[in-house]
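# Descriptive structure summary
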Protein chains: 2
Amino acid sequence: MTFDDNTPCLAAPVSGLEIIQRIDSGETGLEEAYAGFANAYADKEEALSCFVTADYERAAERASAGPLRGLPVGVKDIIDTDDFPTRHGSQIYAGHAPREDASAVSLMRAAGGAVVGKTVTTEFAYFTPRGTKNPWNREYSPGGSSSGSAAGVAAGMFPFAIGTQTGGSVIRPASYCGVAGYKPTYGLIPTYGAKTFSHSLDTLGVFAATVPDCAFFASFLTGRTLESTALEKPPLIGFCPTSQWEHVSEDMREAMDTAMAKARAAGATVIEHDLPSIFTRAIDAHPVIQNYEAVRALAWEWTNHRDKLGPKLSETLEEGETITPESYDAARRVAKAARLALSNVFADVDILLTPSSEGTAPKDLESTGMPTFNKLWTLMGVPCINVSGLFASNHMPVGVQVVAPAMSDRRALQTASWLEQAIAA
Amino acid sequence: MTFDDNTPCLAAPVSGLEIIQRIDSGETGLEEAYAGFANAYADKEEALSCFVTADYERAAERASAGPLRGLPVGVKDIIDTDDFPTRHGSQIYAGHAPREDASAVSLMRAAGGAVVGKTVTTEFAYFTPRGTKNPWNREYSPGGSSSGSAAGVAAGMFPFAIGTQTGGSVIRPASYCGVAGYKPTYGLIPTYGAKTFSHSLDTLGVFAATVPDCAFFASFLTGRTLESTALEKPPLIGFCPTSQWEHVSEDMREAMDTAMAKARAAGATVIEHDLPSIFTRAIDAHPVIQNYEAVRALAWEWTNHRDKLGPKLSETLEEGETITPESYDAARRVAKAARLALSNVFADVDILLTPSSEGTAPKDLESTGMPTFNKLWTLMGVPCINVSGLFASNHMPVGVQVVAPAMSDRRALQTASWLEQAIAA
């Protein structure tokens, strides 16, 4: 599939669940399946730059037995591993070799996942990109900060990847790269061993070809049963434009309309659900909390290596320094009030449906796009899932976002999976 | 001061605030003051084993200008530093040299603190002691897990120290070592760079000779104004025996009686304040939350180095593995309900007064005592302060604990300081 001779489409996400099914039915061998991913890496990495470091051979040797069958996993390069260096997207950490695996990596390895490498992250998971290209069209951004994790799944280099989200770093790149992305309830995947940016917001999440793949993979990271059977009846969906609706592109308006029409066609009830004004205040509270915490989390870098930080991050940390504890405490109180108010919102609907991003990926490799439709939900700590399957007029993917109550992750994934099928129908 | 020829008392805590006052008044020089601490280290370290590694000379050279005046600070050896190794009290981390400082260390260095070394911690800040002795009598435990931080302040090796508390690892050793200890509201000191045991509970705290010293020192770690003037009027104190009162020793009963009598004599009103039964359930919820999280936080060690973990920790992690997500979620709901109930408790009193420990330090270097009177408050996330100044019949210190509402840390320290003076009167 080629849209333009100069920008061949390199997207070809592969479902790990399907591969496992084919292995179990004897249709394919494990080595053959693994080689498929390794070949995608060999063929496309130079064009896409998904990895900081990779070693498919060593990974296959190290992988232990387990339900993940030794299939390749990409790990965002702000998450520690005991075999690959962890550079946090910063020259400050050149050659930095952690002693231990992050908790999530250990749990995943124990389930039989093979860490094939460290995927490209923006600088400290903030905004400055590090060269990854969008597999659907290399002139477009893959989004960030989990750039390599999203793009690598989209390119079929690995069926599963781990990323993190503080603003919109899982859902946005999933939307841009046309893959499923799942940001769990805050704290559901242990964060130990991931570089902190904002401890109240940082949330580990996953990427895969489909929503059921995300649920399957995340089960091992959370130690919870997240896979599920089909919904008993179609969901009651609240279309949630939020106060940020003016920022959506025409493409996203159409994608949302299509998603809602397809959901209705599959039997769902869709009502519009405006949010009370506390949520607009919560959106403003997000950067206050994030930047206040970031200047503390990055205190060592800020004190000792200020000259090696990019201008955008430096600006944010400078601003973070001016935020008083009183402003921070006030922002936390707003967030708490909004979390309480959100319980009432979910009394009326099963899930909220809202854009995953303003539109398609920016045609600009110096940008990773904006977390406009993600920050609020990260702050609320609720599960968010990017549902892919829709495309814009420029042939680029555009995703819609399922948002559900805190700790209802299994149900949220079940509903997102239902929507994914409705959209594909 | 010697209680017994075989066990000379090596306790001689030094107030950093007093030293700074004497420097400012020209009464002493900075180098002379520093040498006082360095000499205490040279004289007593062999007898007490407060440090894993120390270098007073290098620390003095590195210290930057700032309100802490280059005075020595001890840092618990589960907290990363970019100059000393960080071993977490475990052979698994022999020679482990982190690239960066923990956030708290960077913030403290920026304020002019000199990290003179890494203080002894129990294994991964859990229960297995690593040889530190109590400066008041070397046959007694210093408590744990922040053993070296508490004992080093008590011995006058440094005026300030950083520790952590997940059960009772700041307040208990402070009580046993006769120094002030302050566990702030959960999250007030950034935890980035400290080894996680239980992310919902782990809280960084400080040790110093007096409560005002703790407030002064913690101001730099929190970025908040914690020092304060005297109380306008004596406090309304709720004597809080808790459901664990049967565990207090005769010595502790007397210490509590004395503290309350002295508080009354200084003008305070003291009423008995029983806690509703939800708090007994919260005490039971603590180990469920802690152990469930610990098996995930220590997933790498548990998977790869199980044979190098002590029996007590292994037992806890084995138990942690059997805790279901449902039990964990239920325990978190109990904790949340108890936190709400605690707001009502504080409608009636300014602070709660409760034992810091069951009694004096155990005469047993294989034990670090029990966190019986600490776990609940760590789970509640509220500020706790050990107030020293009382001694038991065996001449060992015994501390009482001030507990205050979340985020009222300044007021809590002010009240604890008032009580410290009342007890000294």
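What you are looking at is a predicted structure, and each value in this text was computed from that prediction instead of being measured.

### What about the overall build of chain A?
The helix and strand tally for chain A stands at 14 helices and eleven strands. For chain A, the C-alpha atoms occupy an extent of roughly 60 × 55 × 45 Å along the three principal directions. Within chain A, the proportion of its 425 residues that are buried is 62%. The contacts of chain A with a sequence gap of at least 6 include a subset with a gap of at least 24, amounting to 78%.

### Notes on the sheet that holds strand β7 (residues 236–239) of chain A
Remark on secondary structure: sheet strands pair via backbone hydrogen bonds, oriented parallel or antiparallel. All names here are of chain A. Pairing within the open sheet is mixed, and its eleven strands lie in the order β1-β3-β2-β4-β6-β5-β10-β11-β9-β7-β8. Looking at which strands have only one partner, the edges of the open sheet turn out to be β1 (51–54) and β8 (269–272). Taking the axes of each pair of neighbouring strands and ignoring which way they run, one obtains an average angle of 30° across the sheet. As defined by bridge partners, strand β4 (residues 160–165) adjoins strand β6 (residues 203–208) across six bridges and the pair is classed as antiparallel. Pairing of Q165 across the sheet is with T203, part of β6. Contacting β7, β8, β9 (351–355), β10 (384–391) and β11 (397–403), helix α8 (residues 250–265) crosses the sheet at an angle of about 55° to β11.

### Here's the deal with the relation of the copies chain A and chain B
Its rotation angle being 180°, the transformation that places chain A on chain B also includes 0.0 Å of axial translation and leaves an RMSD of 0.0 Å. Expressed as an axis order, the relation between the two copies is that of a two-fold axis. Closest approach to the rotation axis within chain A is made by the C-alpha atom of A:P98, at a distance of 3.9 Å. Looking at the interface residues of chain A, 100% of them are also at the interface in chain B, so both copies use one shared face.

### Notes on the interface of chain A and chain B
With 24 residues of chain A at the interface, the matching set in chain B holds 24 residues. Those elements giving two or more residues to the side of chain A that touches chain B turn out to be α4 (103–110), α9 (278–297), α10 (299–304) and α12 (325–348) of chain A. Among the elements that make up the side of chain A that touches chain B, the one with the highest residue count is α4(A) (four residues). Its residues assigned to classes, the side of chain A that touches chain B comprises ten nonpolar, seven polar and seven charged.

### Here's the deal with the nonpolar core
Counting 274 residues, the largest nonpolar core has A:A180, A:V206, A:V402, B:A180, B:V206 and B:V402 as its most contacted members. Sequence-distant contacts of A:A180, defined by excluding residues within four places in its chain, comprise A:A174, A:F207, A:A208, A:A209, A:T210, A:V211, A:D213, A:C214, A:I385, A:N386, A:V387 and A:S388.

### Remarks on the sheet that holds strand β10 (residues 384–391) of chain B
Residue and element names in this part refer to chain B. Strands sit in the order β1-β3-β2-β4-β6-β5-β10-β11-β9-β7-β8 across an open sheet of eleven strands; the sheet is mixed. Unpaired on one side and paired on the other, β1 (51–54) and β8 (269–272) mark the two borders of the sheet. On average, adjacent strands in this sheet sit at an angle of 30° to one another, irrespective of strand direction. Both β10 and strand β11 (residues 397–403) contribute to a ladder of six bridges, which runs antiparallel.

### Describing unusual backbone geometry
All names here are of chain A. The omega angle of the peptide bond from G144 to S145 is 5°, so this bond is cis rather than trans. Locating S145 in the fold gives a position in the loop between β3 (114–119) and α5 (147–154). One non-glycine residue, H88, lies in the positive phi region at around 55°. Given 26 C-beta atoms within 10 Å, H88 falls into the buried group.

### Describing the confidence of the model for chain A
The share of residues in chain A with pLDDT of 70 or more is 98%, and the mean pLDDT across the chain is 96. Overall fold confidence (pTM) sits at 0.96, and the ipTM for the predicted complex is 0.95.

### Here we look at the environment of A:N386
Residues and elements named next belong to chain A. Take N386: it is sitting in strand β10. N386 gets classed as buried once you count the C-beta atoms within 10 Å, which come to 35. Note: C-alpha distance between N386 and S356 (30 residues apart in sequence) is 6.2 Å. Sequence-distant contacts of N386, defined by excluding residues within four places in its chain, comprise I171, A174, S175, A180, G181, S356, G399 and Q401.

### Thoughts on the pairing of strand β5 (residues 180–183) of chain A
Along any regular strand, the residues point their side chains to alternate faces of the sheet. Residues and elements named next belong to chain A. Neither face of β5 is exposed, since A180 and Y182 on one face and G181 and K183 on the opposite face are all buried. Sheet topology note: the β5/β6 ladder contains three bridges and is antiparallel. Bridging across to β6, Y182 finds its partner in V206. Alignment of β5 against β10, held across three bridges, turns out to be antiparallel. Note on β10: the bridge partner recorded for Y182 is I385.

### A few points about helix α2 (residues 30–48) of chain B
Residues and elements named next belong to chain B. Its 19 residues place the ends of α2 26 Å apart at the C-alpha level, agreeing with the 27 Å of an ideal helix rising 1.5 Å per residue. Along α2, the sharpest change in direction is near 35° and occurs at A42. In this structure, the buried side of α2 is in contact with α1 (16–24), β1, α3 (56–62), β2 (72–76) and α5 (147–154). S49 occupies a position one or two residues after α2 and carries a positive phi of about 50°.

### So, the pairing of β11(A)
All names here are of chain A. The buried count for β11 comes to seven of seven residues, which makes it a mostly enclosed element. Residues of β11 alternate between two faces, with P397, G399, Q401 and V403 on one and V398, V400 and V402 on the opposite face, all of them buried. Counting the residues between successive antiparallel strands, the hairpin from β10 to β11 contains five residues, one of them, H395, with a positive phi of roughly 70°.

### What about helix α7 (residues 211–222) of chain B?
Residues and elements named next belong to chain B. The terminal C-alpha atoms of α7, which comprises twelve residues, lie 16 Å apart, in line with the 16 Å expected from a rise of 1.5 Å per residue. Counting buried residues along α7, eleven of its twelve residues qualify, which places the element largely inside the surrounding structure. Those residues of α7 that sit buried are V211, P212, D213, C214, A215, F216, F217, A218, F220, L221 and T222. Within two residues after α7, G223 carries a phi angle of roughly 70°, on the positive side.

### Description of the environment of A:H395
Tracing the backbone shows A:H395 in the loop between β10 and β11. Sequence separation between A:H395 and A:N137 is 258 residues, and the spatial gap between their C-alpha atoms is 8.9 Å.

### Remarks on the environment of B:A285
Residue and element names in this part refer to chain B. Among the structural elements, A285 can be located in helix α9 (residues 278–297). Overall, the presence of 26 C-beta atoms within 10 Å leaves A285 in the buried class. Counting along the chain gives 53 residues from A285 to A338, while the straight-line C-alpha distance between them is 10 Å. When sequence neighbours within four positions are dropped, the list of residues in contact with A285 reads A331, V334, A335 and L379.

### With respect to the packing of α9(B) against helix α11 (residues 311–322) of chain B
Residue and element names in this part refer to chain B. The geometry of α9 relative to α11 is characterised by a closest axis approach of 8 Å and an angle of 100° between their N-to-C directions. Judged on the interaxial angle alone, α11 and α9 are roughly perpendicular. Taking contact as the criterion, the partners of N291, Y292, A294 and V295 in α9 are, on α11, T316, L317, E319, G320 and E321. Counted by class, the contact of α9 with α11 contains four nonpolar, three polar and two charged residues.

The rules we used
Residues numbered from 1 in each chain as written. Chains lettered and ligands numbered in written order. Predicted model: local features only at pLDDT ≥ 70, side-chain atom pairs only at ≥ 80, totals over all residues. Helix = DSSP H or I, 4+ residues; strand = E, 2+ residues; numbered from the N terminus. Buried ≥ 20, exposed ≤ 12 C-beta atoms within 10 Å, placed from the backbone. Contact = placed C-beta atoms within 7 Å. Pairing = 2+ DSSP bridges. Axes fitted to C-alpha atoms, helices over the stretch in contact; angles between N-to-C directions. Least-squares fit on C-alpha atoms with pLDDT ≥ 70 in both. Nonpolar A, V, L, I, M, F, W, Y, C, P; charged D, E, K, R; others polar. Core = buried A, V, L, I, M, F, W, Y, C linked by C-beta atoms within 7 Å. pLDDT = per-residue confidence, 0-100. Expected span 1.5 Å × (residues − 1). Bend = angle between axes of the 7 residues up to and from the residue. Parallel < 35°, antiparallel > 145°, perpendicular 65-115°, else oblique.

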